[in-house]
Amino acid sequence: MTVVHTEQLSKTYRSGIVRRSEVNALRNVSLEVGSGEIFGLLGPNGAGKTTFVKILLNVSFPTLGSATILNEPLGSINIRKRSGYLPENHRYPNFLTGLETLMMFGRIHGLDPRTLKDKAVSLLQTVGLKDWAHHKIKKYSKGMLQRLGLAQALLNDPEILFLDEPTDGVDPVGRKEIRDLLRDLRNQGKTIFLNSHILSEVELISDRVAILNKGEVIKVGTVDSITRKEDEYEFHLADDVSSDVLSQIKQVYGQVEQDGKLLRVIAQSSEQMNKVIDFLRSKNILIQSIVHRKSTLEESFIELIKAEQA
Ligand SMILES: Nc1ncnc2c1ncn2[C@@H]1O[C@H](COP(=O)(O)OP(=O)(O)O)[C@@H](O)[C@H]1O
Ligand SMILES: [Mg+2]
């Protein structure tokens, strides 16, 4: 089932009366997110990620285009009931405890007051804040605040979660905890829509990602399909290869680069890669290891943006 469907969503912010200025925050963004996916919307600061989520949640309005969430048109009250939202840089009243914060949001959601406290306590346990339930949140670390925000987003047992930079400012241990939690939620059948500018982070958990740059989607696909390179293998050899051998390899395999004892070969298939092994072995060259290179999401991202500018 399609959970998020957008068609040509565009947003132009206009400001200034005397000196008019316009920002095209989104340009014709068409995306589909399926049920049970962790979908990552990636892009540098200012790419339009927050604007996109705000439009989906009816906090902001599109200049052009249309969208449905859970097959409901934007603005439908059913979307609010069935979704959870962790906004970017949220601020909760400092004087409340974690439990009080969740109770407050639960009342705003209109949850049954008789079961609300149990629900809040159990969510604090889920996000690993049980022992902090009665501490004021001014004592919470950034990671704890993000986890509390996640518990808040889960109060109404949503089918889809919108998380805007959930790990921003969180230390590596806290980030891992949040990732594990998101995987658990996905395994429970929830759909997760994640905004992030931390690519290495999203790479680890997203089923699919879209890359947004200056308001435009420049790529959508699985992390694997975006990061897969032509098959590039690095051969680490025991000795330098003679220029004679190198030119022979080049004649047969074309794309070969040498860097001391390192040989970089682009092979079209593993068969071809094995032929390189056979060739090297026939020359009595000792291979110490072979590494199949893959780019990181960050490398692919930078290449995509460069290609876009060119
Ligand atoms: N309320 C607003 N008024 C005017 N410009 C805005 C507003 N909100 C965001 N922008 C601009 O829109 C662009 C996209 O911002 P945003 O959606 O926050 O990007 P991201 O979340 O990817 O960092 C930026 O250039 C930002 O300055
Ligand atoms: Mg943002």
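All of these numbers come straight from a predicted model, not from anything done at the bench.

K.L.:
What is the right way to look at the packing of helix α3 (residues 98-109) against helix α4 (residues 113-126) in this model?
P.N.:
Describing two packed helices takes the angle between their axes plus the distance from one axis to the other. Relative to each other, α3 and α4 sit at 130°, their axes nearing to 9 Å. Classified by the angle between their axes, α3 and α4 sit oblique to one another. For the pair α3 and α4, the sense of crossing is right-handed. Mapping the contact onto sequence places G98, L99, L102, M103, G106 and R107 in α3 and L116, K117, A120, V121, L123 and L124 in α4. Per-class residue counts for the contact of α3 with α4 are eight nonpolar, two polar and two charged.

K.L.:
Could you clarify how one ought to interpret the pattern of salt bridges in this entry?
P.N.:
If the charged atoms of two oppositely charged side chains come close together, the side chains can form a pair. Using the criterion set out here, one finds 15 salt bridges in the structure. Because the salt bridges share partners, they merge into one network encompassing E232, E234, E257 and R264.

K.L.:
Help me understand helix α5 (residues 142-154) in this model?
P.N.:
In an α-helix, one turn spans 3.6 residues, which is why side chains three or four residues apart end up on the same side. Taking 1.5 Å of rise per residue, 13 residues should cover 18 Å, and α5 covers 19 Å from first to last C-alpha, within 8% of that figure. With respect to burial, α5 is a largely interior element, eleven of its 13 residues being buried. Regarding α5, the residues found buried are G143, M144, Q146, R147, L148, G149, L150, A151, Q152, A153 and L154. Contact partners of the buried residues in α5: β6 (83-86), α3, α4, β7 (160-164) and α6 (172-187).

K.L.:
Sorry if this is basic, but what is going on with the sheet that holds strand β4 (residues 64-69) here?
P.N.:
Pairing between the strands of a sheet comes from backbone hydrogen bonds, and it takes one of two forms, parallel or antiparallel. Taking strand neighbours across the sheet as the criterion, the four strands line up as β2-β1-β4-β5 in an open arrangement whose pairing is antiparallel. Each edge of the open sheet carries a strand with a single partner, namely β2 (21-34) and β5 (72-73). In the sheet, strand β1 (residues 2-15) pairs with β2 via ten bridges, with the strands oriented antiparallel. Directly across from Y13, in β2, lies its bridge partner V23. Running at roughly 115° to β1, helix α1 (residues 49-56) makes contact with β1, β2 and β4 of the sheet.

What counts, and where the lines are drawn
- For every chain, the first residue of its written sequence is number 1, and the numbers climb from 1 along that sequence.
- Ligands are numbered from 1 and chains lettered from A, in the order in which they are written.
- With pLDDT at 70 or above as the cut-off, local features in this predicted model cover only qualifying residues; side-chain atom pairs require 80 or more to be listed or tallied, and sums for whole chains, interfaces and linings still use all residues.
- Derived side-chain values reflect all non-hydrogen atoms in the structure, with water molecules and hydrogen atoms excluded from consideration.
- Whenever a helix is involved, its axis is fitted only over the stretch in contact; in every case the axis is a line through C-alpha atoms, and angles between N-to-C directions fall within 0 to 180 degrees.
- Helix and strand assignments follow DSSP, with helices taken as H or I runs no shorter than four residues and strands as E runs no shorter than two, numbered in order from the N terminus.
- An angle below 35 degrees is treated as roughly parallel, one above 145 as roughly antiparallel, one from 65 to 115 as roughly perpendicular, and anything else as oblique.
- Left-handed describes a crossing in which the near helix is turned anticlockwise from the far one by less than a right angle; the clockwise case is right-handed.
- Contact definition: two residues touch when any of their heavy atoms are within 4.5 Å.
- Just so you know the grouping, Ala, Val, Leu, Ile, Met, Phe, Trp, Tyr, Cys and Pro go in nonpolar, Asp, Glu, Lys and Arg go in charged, and all remaining residues, Gly too, go in polar.
- Salt bridge criterion: a side-chain nitrogen from Lys or Arg within 4 Å of a carboxyl oxygen from Asp or Glu.
- Each residue after the first adds 1.5 Å to the expected span of a helix.
- Under the scheme applied here, a residue whose accessible area is under 20% of the maximum for its type counts as buried, over 50% as exposed, and between as partly exposed, the area being computed with a 1.4 Å probe on protein chains only.
- Any two strands with at least two DSSP-identified bridges between them are counted as paired.

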